[in-house]
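# What the coordinates show
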Amino acid sequence: ILCSQSETFRLLFESDKWKENQTQQGEIELKEISPIPFKQLLEFCYTGDTSIPLNDISIGLEILKLTDQFLLPELKKKCEFLLQSKIDLSNAYQM
């Protein structure tokens, strides 16, 4: 499913790096990615939808960054729309 949703996942799983870094349990560690935004990204890949928690703008911004990294334009559009609706003077500096 992940490979069909994202070229990045496909390249990752088919690469020699995956085979080298994979644990015996078939896991790979993505050190640069925070768990909460990545969970939202995975939810979107598997279901086509996700509830982006925007009570913390930084999570939405991290998800937005991941959409470029994992080539997910539909999730990017959703993030951009939701972030635009939450921007105000108190949080604009974060963006």
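See above for the structure.
Residues numbered from 1 in each chain as written. Predicted model: local features only at pLDDT ≥ 70, side-chain atom pairs only at ≥ 80, totals over all residues. Heavy atoms only, no water.

## Observations regarding the pattern of salt bridges
The condition that has to hold: Salt bridge, as used here: a side-chain nitrogen of Lys or Arg that lies within 4 Å of a carboxyl oxygen of Asp or Glu. By definition, any uninterrupted DSSP run of H or I lasting at least four residues is a helix, any uninterrupted run of E lasting at least two residues is a strand, and each is numbered from the N terminus. The buried label goes to any residue with under 20% of its type's maximum accessible area, the exposed label to any with over 50%, and the partly exposed label to all in between, with areas taken from a 1.4 Å probe on protein chains only.
Counted under the stated rule, the structure contains five salt bridges. For Glu 7, the salt bridge is made with Arg 10, and the minimal N-O distance between the two is 2.4 Å. Here Arg 10 and Glu 7 lie together in helix H2 (residues 7-14), a separation of three residues that amounts to about one turn. We classify Glu 7 as partly exposed; its relative accessible area is 36%. For Asp 49, the salt bridge identified is with Lys 78, shortest N-O distance 2.4 Å. With Asp 49 in the loop between helix H4 (35-47) and helix H5 (57-69) and Lys 78 in helix H6 (residues 73-86), this pair connects stretches of sequence that are 29 residues apart. With relative accessibility at 24%, the residue Lys 78 sits in the partly exposed group. Counted as one network, the salt bridges with shared partners bring together Glu 7, Arg 10 and Glu 14.

## As for H6
Rules: To estimate how far a helix should reach, multiply one less than its number of residues by 1.5 Å. When we speak of the arc, we mean the arc of directions from the helix axis to the C-beta atoms.
Over its 14 residues, H6 runs 20 Å from end to end, which matches the ideal 20 Å to within 8%, given 1.5 Å per residue. Residues Leu 75, Cys 79 and Leu 83 constitute the buried set of H6. On an axial view of H6, the arc spanned by its buried residues comes to 65°, and they lie on one face. In H6, the exposed positions that point more than 90 degrees away from the buried face belong to Pro 73, Lys 77, Phe 81 and Gln 84.

## Considering the packing of aromatic side chains
What counts is decided by this rule: Any two of the Phe, Tyr and Trp rings considered here, Trp counted by its six-membered ring, make a pair once their centres fall within 6.5 Å; the pair's planes then place it as stacked at under 30 degrees, edge-to-face at over 60, or tilted in between.
Here the structure, examined in full by the defined rule, presents three aromatic pairs. Here the aromatic rings of Phe 9 and Phe 70 are separated by 4.7 Å at their centres, their planes lie at 35°, and the arrangement is tilted. Residue Phe 9 is located in helix H2, and its partner Phe 70 is located in the loop between H5 and H6; the two are separated by 61 residues in the primary sequence. On the basis of relative accessible area, Phe 70 is assigned to the buried category, the value being 3%. Between Phe 38 and Phe 70, the aromatic rings sit 5.9 Å apart at their centres with planes inclined by 55°, giving tilted as the arrangement. Of this pair, Phe 38 sits in helix H4 while Phe 70 is found in the loop between H5 and H6, placing the two residues 32 residues apart along the sequence. When its relative accessible area of 16% is taken as the criterion, Phe 38 is described as buried. Three or more aromatic residues joined by ring pairs make a cluster, and in this case those are Phe 9, Phe 38 and Phe 70.

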